[in-house]
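The residues making up each chain are set out below.
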Amino acid sequence: MSCLVNSTALKFRWINGQCFEFKLNNGVTLLTDPWFHMEEGDGMLKEMCPPGFTLDDIEGADYVFLNHTHGDHTANLEEVVEKFHSTVITHSGNVLELMKVNNIPVTDMYPVDYEGTYYFDGFILETHHATHHRQPGNLEKGLARHAGDPKALANAMGGTFNMNFVLTTAQGMRIAFIGGNDDGMIERLQGTNKPNIIIRNKMASSKVKEGVAENFAAWFMAADTQILVPMHYETWLTKDPEFAAKMITDMNRIMEENGKVGRVAPMVRGKWYTLDLAINEA
Ligand SMILES: [Fe+2]
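Everything in this summary refers to the structure shown in the same document. (Residues numbered from 1 in each chain as written. Predicted model: local features only at pLDDT ≥ 70, side-chain atom pairs only at ≥ 80, totals over all residues. Heavy atoms only, no water.)

To continue, consider the nonpolar core. In this structure, F12, F20, I175 and I199 are the most contacted members of the largest nonpolar core, which totals 54 residues. The element best represented in this core is helix α8 (residues 212-223), accounting for eight residues. Setting aside residues up to four positions removed in sequence, F20 forms contacts with F12, R13, W14, L30, L31, T32, F177, I199, V229, M231 and M267. Residues C19, L55, L77 and I104 belong to the second largest nonpolar core, which totals 19 residues. (Core = buried A, V, L, I, M, F, W, Y, C linked by side-chain atoms within 4.5 Å. Buried < 20%, exposed > 50% of the residue type's maximum accessible area, 1.4 Å probe, protein only. Helix = DSSP H or I, 4+ residues; strand = E, 2+ residues; numbered from the N terminus. Contact = heavy atoms within 4.5 Å.)

Here we come to the pairing of strand β11 (residues 197-201). When you tally the buried positions in β11, you get five out of five residues, the bulk of the element. Across the two faces of β11 the burial is the same, with I197, I199 and N201 and I198 and R200 all buried. Relative to β11, strand β10 (residues 174-178) runs parallel, the two sharing four bridges. Within β11, the position partnered with I175 by the bridge is I197. In this sheet, strand β12 (residues 227-231) lies alongside β11 in parallel orientation, the contact comprising five bridges. Residue pairing for β12: N201 is matched across the bridge by M231. As a crossover connection, the stretch from β11 through α8 into β12 is right-handed. (Pairing = 2+ DSSP bridges. Right-handed = clockwise from strand over helix to strand, strands pointing away.)

Among the structural elements, S86 can be located in the loop between α3 (77-84) and β5 (87-91). A polar contact is formed between the side chain of S86 and the backbone oxygen of A61, at a distance of 2.6 Å. Excluding residues that lie within four positions of it along the chain, S86 makes contacts with A61, D62, Y63, V64, V80, V81 and D108. (Polar contact = N/O pair within 3.5 Å; in protein donor to acceptor, adjacent residues only side chain to side chain.)

Note on sheets: strands pair through backbone hydrogen bonds, and any given pair is parallel or antiparallel. The seven strands lie next to each other as β7-β8-β9-β10-β11-β12-β13, forming an open sheet whose pairing is mixed. Edge positions in the open sheet fall to β7 (117-120) and β13 (263-264), since each of these has one partner strand only. Across four bridges, strand β9 (residues 162-169) lies against β10 in antiparallel orientation. Opposite F165, over in β10, you have F177 as the bridge partner.

So, about the side chain of T74. Inspection of the secondary structure puts T74 in helix α2 (residues 71-74). Residue classification places T74 among the buried positions, given a relative accessible area of 12%. Excluding residues that lie within four positions of it along the chain, T74 makes contacts with P34, L66, H68 and T69.

Turning next to the packing of aromatic side chains. Evaluation of the coordinates by the stated rule reveals 14 aromatic pairs. Here the aromatic rings of F36 and F53 are separated by 5.7 Å at their centres, their planes lie at 65°, and the arrangement is edge-to-face. Of this pair, F36 sits in the loop between β3 (29-32) and α1 (44-47) while F53 sits in the loop between α1 and β4 (63-65); the two residues are 17 residues apart in sequence, bridging distant segments of the chain. Here the two residues F36 and F53 agree in accessibility, since each one is buried. (Phe/Tyr/Trp six-rings, centres within 6.5 Å; stacked < 30°, edge-to-face > 60°.)

A word on the coordination of the iron ion. Distances from the iron ion to its protein donors, H68 (NE2), H70 (ND1) and H132 (NE2), fall within 2.2 Å. For the iron ion, the donor residues sit on a single chain with the sequence spacing H-x1-H-x61-H. Within this pair, whereas H70 is found in the loop between β4 and α2, its partner H132 is found in the loop between β8 (123-130) and α5 (139-145), the two being separated by 62 residues in sequence. (Donors = N, O, S within 2.8 Å, 3.2 Å for Na, K, Ca; no water.)

Honestly, that's just the spatial picture; any functional story needs more than this.
Right, here's the structure in full:
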């Protein structure tokens, strides 16, 4: 297949969890849910991080977007902000607690709310209400689990203020970023609101390994977009890489069997890719 013309929309890479690094055509960088490195003694979460990846490997973070404030979405927030003087985009309900426990200058916080449209340097962000995968336990239990940790409340609040987004580049490429449950996203992203590509957390927690490909493919068929990039399956990549690979091949098989053009991209963590619009010879 020969390419007649190719135009790059942006560069991006999956790093870990819901942490993506985006590099726009104007050079502006956006980092989502910074969690890529932990120290010895940080327990289970450390194991899931890409081996050897540290703050030195992050190339830029003019903006940081937080889907929610659990530890596996904010673990490296403070060091990123300190190095890159990032503007932190997060639901307004998170702002006060995040400022209390991270050393972020007040004017570097950029509170946003649900179902809003925000204009940044080189991209437009549409924000959408989102819900976390079900977690048992109330606030008291959440605080007890992280007793003694100054970030305990921010962590416990992680199950509440979740936020999805659709990013539109200056040239009009639309990228949806969806964590947790669907929470109406399929309905929101129809017609002229449809994104070109969806970056999506799996349908349930990593502990649920029944019907993963079938349920995820059913959601993708209903969304009916061209490309899906799965994220936050680092637990499977670490502990059961064959299961992770099979999820993708099974999803693509299901899409093909159902006559859908959408395909799932198995992004390798840490590796840079370009998202392009191309005309190829048929
Ligand atoms: Fe979470």
